[in-house]
Amino acid sequence: MSLTIKTLGRGRRVAAGSLIAVTALTLSACQNGTDSASRSSSAAAPATSSANGAPSTGGSAQSARNSARPSNVAKPSAGTAGVPNASQANPSAMTASDRCTATDMSLHVGRTDIGAGNIRVPLVFTNKGKKACSLRGFPGVSLIQRDGSAVGTPASREGGAGGSVRLQPGQSAHAVLHTVNEGVSDIPCWKNSQIVFVYPPGSKESMTTGSGGLRVCGGTFTVSTVESGVPS
């Protein structure tokens, strides 16, 4: 009888111990499940969106795009002394759809003509677009360095306003830059320029081209109205 009671007592203790162990395992499993769910929720959080709803890629991508932009010639800031603004290009009566724009043209300086103490340099505009366009009037012109600093003052206008020049794709027109040889006048020469900075007639967009080291002397720097063709 005594042996039976002891055996039953040991059985109850074993059962109680098993129940405690099962309870502990259950609580541990619940805790692990909660931690896993928390980690999963954190990993699945959506990327931050920008104002237009697109995922934000951070500032590094924008910086890379900015650094990839060409920077051979610094564009002068608005109001820089010696640099023309768009209002100095001769206003055009043509409609915007007909006028040649900076984006539809290429620009270069032609062959320099030197004679009788004068220096004349053609400034050539070529229609590189797919349709005909027109130019009329004076461009706004100044000389600058590659860092955007101005050399002297903007060109003044020389001669009459002239008529409209119609350019088919591939055709060119020109305006003439005029100065004088060193020694013709007691007025000192400007330093050599590197870039010609231009607003085509009627345009608010600028263009640039190499100046070939053009140096203005005698205080003379003028530009003519645009004419058809390119001087031979």
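We now turn to the structure provided with this report. (Residues numbered from 1 in each chain as written. Predicted model: local features only at pLDDT ≥ 70, side-chain atom pairs only at ≥ 80, totals over all residues. Heavy atoms only, no water.)

## Some thoughts on the packing of aromatic side chains
To be explicit about the condition: The aromatic pairing rule takes the rings of Phe, Tyr and Trp, using the six-membered ring of Trp, and pairs them if the centres are within 6.5 Å, calling planes under 30 degrees apart stacked, those over 60 edge-to-face and the rest tilted. Helix numbers and strand numbers start at the N terminus; a helix is a DSSP run of H or I with at least 4 residues, a strand a run of E with at least 2. Here the term buried applies to any residue with accessible area under 20% of the maximum for its type, exposed to any over 50%, and partly exposed to those in between, with areas from a 1.4 Å probe on protein chains only.
Considering all chains together, one arrives at 2 aromatic pairs under this definition. Aromatic pair tryptophan 190 and phenylalanine 221: ring centres 5.8 Å apart, planes at 80 degrees, arrangement edge-to-face. Of this pair, tryptophan 190 sits in the loop between strand E9 (172-180) and strand E10 (195-199) while phenylalanine 221 sits in the loop between strand E11 (207-210) and strand E12 (222-223); the two residues are 31 residues apart in sequence, bridging distant segments of the chain. The burial state of tryptophan 190 is the same as that of phenylalanine 221; both residues are buried. Their ring planes at 85 degrees and their centres at 5.7 Å tell us that phenylalanine 197 and tyrosine 199 sit as a pair that is edge-to-face.

## Some points on the pattern of salt bridges
Rule in force here: Salt bridge, as applied in this entry: a Lys or Arg side-chain nitrogen positioned within 4 Å of an Asp or Glu carboxyl oxygen.
Counted under the stated rule, the structure contains 2 salt bridges. For arginine 166, the salt bridge is made with aspartate 98, and the minimal N-O distance between the two is 2.3 Å. Linking arginine 166 in strand E8 (residues 165-167) with aspartate 98 in the loop between helix H2 (59-67) and strand E1 (105-109), this pair joins segments that are 68 residues apart in sequence. When the shortest N-O distance is used, the salt bridge between arginine 215 and glutamate 182 registers 2.6 Å. Within this pair, whereas arginine 215 is found in the loop between E11 and E12, its partner glutamate 182 is found in the loop between E9 and E10, the two being separated by 33 residues in sequence. Accessibility expressed as a relative area gives 57% for glutamate 182, which makes it exposed.

Note that all results are geometric; they support no functional claim without further evidence.
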